[in-house]
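Geometric and topological summary
As a plain string of letters, each chain reads:
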Amino acid sequence: MVDQILNFIKNKYFIGTVAAVVVVYAALSFNQYLSEEQNKKDFKKFISINERLANTELSAKSLLSDSDLNFNEVGYEIIVKTVLAKKAIDEGDLTLGVTLFEDAYLKTKESNMNLQTKNIVLEQFRENIVRIYMEIDDYENGVKFLEMGNKIDSTFYELAGDFYKYFGENKLANDNYDLAISINTDETQKNLINLKRPR
């Protein structure tokens, strides 16, 4: 019995398998080490950009042009672009703000973040983007953005209704409000949507 075990251990297949496992483990360990190092670099870059964002003397536009916003981890990029968009809006640069929100929206949409969290974040970005397009009276880009949206929930249709109502497209507004009501199960929300309808 012991001889059979020793022969099996000396077998070239066993030795090859052990060697392959060792090589794979070493490669995975090295990859994890590189990933951790990249995360450290990303975090340091994130802290540096965050400190610059707090500087009230620097405009959002200058921060954008002077900062490297490419991160290995998409979460850092989404956070930085969101804060930068807010800064641009506070400075009155709504066009830059909406551009940054759209970038953050697309990065979030492509990310592998938890689906429930992703949907909440996308809904907030969508609302900000559409409301800014309304604020700057940009009907064309607002429609383009709405057309690429996630048309499966009542909040999307309610927002689209608000957008079309703002631009005097009453039929489109009512059509979207109808869709929002048909999907929504909350009677209070349905009543609120009905109150928004253009007359």
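Reading guide: rules and limits
Residues numbered from 1 in each chain as written. Predicted model: local features only at pLDDT ≥ 70, side-chain atom pairs only at ≥ 80, totals over all residues. Heavy atoms only, no water. Helix = DSSP H or I, 4+ residues; strand = E, 2+ residues; numbered from the N terminus. Buried < 20%, exposed > 50% of the residue type's maximum accessible area, 1.4 Å probe, protein only. Contact = heavy atoms within 4.5 Å. Areas by Shrake-Rupley, 256 points an atom, 1.4 Å probe, with all protein chains shown as cover. Core = buried A, V, L, I, M, F, W, Y, C linked by side-chain atoms within 4.5 Å. Phe/Tyr/Trp six-rings, centres within 6.5 Å; stacked < 30°, edge-to-face > 60°. Expected span 1.5 Å × (residues − 1). Salt bridge = Lys/Arg side-chain N within 4 Å of Asp/Glu carboxyl O. pLDDT = per-residue confidence, 0-100.

Turning next to the overall build of the chain. The helix and strand inventory of the chain stands at 10 helices and zero strands. Buried residues in the chain amount to 32% of all 199 residues. Counting only contacts in the chain whose residues sit at least 6 apart along the sequence, the fraction spanning at least 24 positions is 54%. Taken as a whole, the chain presents about 12,600 Å² of accessible surface, with 56% of it coming from carbon and sulfur.

Right, let's get into the nonpolar core. Residues Leu84, Phe125, Ile129, Val130, Leu146, Phe163 and Tyr164 are the most contacted members of the largest nonpolar core, which totals 41 residues. For this core, the secondary structure elements donating two or more residues are α2 (12–53), α3 (60–66), α4 (74–90), α5 (94–110), α6 (115–135), α7 (139–147), α8 (154–166) and α9 (170–183).

Quick look at the packing of aromatic side chains now. This model, assessed by the stated rule, comprises 12 aromatic pairs. Centroid distance Tyr139 to Phe163: 5.7 Å. Interplanar angle 15°. Geometry classified as stacked. Taken as a pair, Tyr139 in helix α7 and Phe163 in helix α8 lie far apart in primary sequence, 24 residues in all. Overall, the relative accessible area of 29% leaves Tyr139 in the partly exposed class.

Bringing α8 into the picture now. For α8, spanning 13 residues, the distance from its first C-alpha to its last is 18 Å, which sits close to the expected 18 Å at 1.5 Å a residue. The element α8 is extensively covered by neighbouring structure, given that 10 of its 13 residues are classed as buried. Those residues of α8 lying buried are Ser154, Phe156, Tyr157, Glu158, Leu159, Ala160, Gly161, Asp162, Phe163 and Tyr164. Residues of α8 that are buried make contact with α6, α7, α9 and α10 (187–196).

With respect to the helices, strands and loops of the structure, Lys81 is situated in helix α4. The contacts of Lys81, once residues within four sequence positions are left out, are Leu69, Leu100, Asp103 and Ala104.

Right, let's talk about the pattern of salt bridges for a bit. According to the stated counting rule, one finds 16 salt bridges in the structure shown. Residue Arg126 pairs with Asp153 through a salt bridge whose shortest N-O separation is 3.5 Å. With Arg126 in helix α6 and Asp153 in the loop between α7 and α8, this residue pair connects regions lying 27 residues apart in the sequence. For Asp153, a relative accessible area of 21% translates into the label partly exposed. A salt bridge links Glu140 to Lys144; its shortest N-O distance comes to 3.5 Å. Note that Glu140 and Lys144 are positioned in helix α7 at a spacing of four residues, about one turn of the helix. One network of salt bridges, with partners in common, ties together Glu127, Arg131, Glu158, Asp162 and Lys196.

Before going further, it helps to examine the confidence of the model for the chain. The pLDDT averaged across the chain works out to 81; a share of 81% of its residues lies at or above 70. Mean pLDDT values over the elements of the chain span from 51, in helix α1 (residues 2–10), up to 93, in α9.

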